[in-house]
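What follows is the residue order along each chain.
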Amino acid sequence: MTSVPQSFEILLVAEFAEGRDAGPPPPANALRSAVVEFTGKLGASGYPRYAGNGMEADIDPETRTVEAVLIDGDELDYGLSVRVVEPQAG
């Protein structure tokens with residue numbers, strides 16, 4: 001496995017029907033965002049677990065694919081999805 005990044009920003013967005021190849025939307029267009037930190041553990045999916053600000057996710061560090069996610073302890077509602085980006089320096 002590649003080295004594990006210490007943090008990511010997760011963007012909660014409305015699911016896209018078109019334009020998915022264009023990459024993630026800008027954080028300003030997200031319904032919600034959170035910077036999540038590596039917990040030091042692996043999730044049930046076998047990928048590193050990240051948590052913070054009410055979001056918890058197993059993220060593949062190579063592809064930035066979210067393998068599992070909870071928002072405020074619940075699964076995503078239909079029509080919503082998440083994208084992973086590098087945290088914004090600020």
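It should be emphasised that the depicted structure is a prediction, and the values quoted were computed from it without experimental measurement.

Re the overall build of the protein chain
For step 1, the next point in the chain: If you tally the helices and strands in the protein chain, you get zero helices and six strands.
For step 2, the next point in the chain: Counting every position in the protein chain, which comprises 90 residues, the buried fraction comes to 30%.
For step 3, the next point in the chain: Look at the contacts in the protein chain between residues 6 or more apart in sequence, and 46% of them connect residues 24 or more apart.
For step 4, the next point in the chain: With the model as given, the accessible surface of the protein chain reaches about 5600 Å², and the carbon-plus-sulfur share is 48%.

Concerning the nonpolar core
For step 1, the next point in the chain: Counting residues in each nonpolar core, the largest one holds 13 residues, and the members touching the most others are F8, I10, V36, M55 and I59.
For step 2, the next point in the chain: Apart from residues no more than four positions distant in its own chain, F8 is found in contact with A34, V35, V36, Y50, I59, R64, V84, V85, E86 and P87.

Examining the pairing of strand β6 (residues 80-85)
For step 1, the next point in the chain: Across the six residues that make up β6, a large majority, five, are buried.
For step 2, the next point in the chain: As paired elements, strand β1 (residues 7-14) and β6 share six bridges and run antiparallel to each other. When the sheet's bridge partners are listed, L11 is paired in β6 with R83.

What counts as what
Residue positions are given per chain, counted from 1 along the sequence in the order it is written. Per-residue local features of the predicted model are confined to residues with pLDDT of at least 70, and side-chain atom pairs are confined, for both listing and counting, to 80 or more; whole-chain, interface and lining totals are unaffected and use all residues. The side-chain quantities take in all heavy atoms of the structure and omit both hydrogens and water. Labels follow the DSSP assignment, with helices taken as runs of H or I lasting at least four residues and strands as runs of E lasting at least two, numbered in each case from the N terminus. Each residue gets one of three labels from its accessible area relative to the maximum for its type: buried under 20%, exposed over 50%, partly exposed in between, using a 1.4 Å probe on protein chains only. In what follows, residue pairs with any heavy atoms lying within 4.5 Å of each other are defined as contacts. Surface accessibility in these figures is a Shrake-Rupley result with a 1.4 Å probe; residues are shielded only by whichever protein chains are displayed. The nonpolar core is taken to be a set of buried Ala, Val, Leu, Ile, Met, Phe, Trp, Tyr and Cys residues, with the residues joined through side-chain atoms within 4.5 Å. Any two strands with at least two DSSP-identified bridges between them are counted as paired.

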